[in-house]
Amino acid sequence: MKTLFMLLGALALLLGIVGIFVPLLPTTPFLLLAAALWVRSSPRLYAWLLSHRRLGPYIRHFRENRAIPLHAKILSVTLLWASLLYCIFSVVDGWWWAQLLLLGVAVGVTWHILSFATLRR
């Protein structure tokens, strides 16, 4: 079971890293999942993840404060809307149902991101 948790944690970490660059793929939930899986299977990997210079703060801030830094909120919402507006007006032009679906996704994800507290430094 430990091996399965370690592999699933590695997959969650990979998806979290991809989520940094892809607006619709969330970063923090996948990193939290990786941490939860590794705390049960590999204390060494869990400690590495928490102490990682770039990825560790995502987990620590959310775990301790249930908050997202202001710059992360601004960046994620801006990239989300930029990419989805491009898709709405260029990629699925003429498919009104797909445009409405993408608009609904954008509103829902924006609401979800903004519903968390803002981390003050």
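Residues numbered from 1 in each chain as written. Predicted model: local features only at pLDDT ≥ 70, side-chain atom pairs only at ≥ 80, totals over all residues. Heavy atoms only, no water.

A. Just the environment of Val22, in detail. Looking at the element boundaries, Val22 is found in the loop between helix 1 (2-21) and helix 2 (28-41). In this structure the C-alpha to C-alpha distance between Val22 and Gly56, which are 34 residues apart in sequence, comes to 19 Å. (Helix = DSSP H or I, 4+ residues; strand = E, 2+ residues; numbered from the N terminus.)

B. Region of interest: a nonpolar patch on the surface. A cluster of nonpolar side chains, namely Met1, Leu4, Leu8, Leu11, Leu14, Ile17, Val18, Ile20, Phe21 and Val22, defines an oily patch on the protein surface of about 920 Å² accessible area. Relative to the helices and strands, Leu11 is located in helix 1. (Patch = residues over 30% accessible without salt bridge, like charges linked within 9 Å, V, L, I, M, F, W, Y side chains within 5 Å. Areas by Shrake-Rupley, 256 points an atom, 1.4 Å probe, with all protein chains shown as cover. Salt bridge = Lys/Arg side-chain N within 4 Å of Asp/Glu carboxyl O.)

C. Structural detail: helix 4 (residues 56-65). Buried residues of helix 4: Gly56, Ile59 and Phe62, and no others. An end-on view of helix 4 places all buried positions within 155° of arc, on one side of the element. Those residues of helix 4 that are buried lie in contact with helix 2, helix 3 (43-51) and strand 1 (67-69). Just beyond helix 4, the residue with positive phi is Arg66, at close to 50°. (Buried < 20%, exposed > 50% of the residue type's maximum accessible area, 1.4 Å probe, protein only. Arc of directions from axis to C-beta. Contact = heavy atoms within 4.5 Å.)

D. Region of interest: the packing of helix 2 against helix 4. At a minimum axis distance of 9 Å, the contact between helix 2 and helix 4 shows a crossing angle of 90°. The angle between helix 2 and helix 4 places the two elements in the roughly perpendicular class. Along the contact surface, helix 2 presents Thr28, Leu31, Leu32 and Ala35, while helix 4 presents Tyr58, Ile59 and Phe62. (Axes fitted to C-alpha atoms, helices over the stretch in contact; angles between N-to-C directions. Parallel < 35°, antiparallel > 145°, perpendicular 65-115°, else oblique.)

E. Representation of the environment of Thr110. One can find Thr110 in helix 6 (residues 96-115). C-alpha separation for the pair Thr110 and Val39, spaced 71 residues apart in sequence, amounts to 30 Å. Each residue touching Thr110, except ones within four places of it in the same chain, is listed here: Val77, Leu80 and Trp81. Polar side-chain contacts of Thr110 include one of 2.7 Å to the side chain of Trp81. (Polar contact = N/O pair within 3.5 Å; in protein donor to acceptor, adjacent residues only side chain to side chain.)

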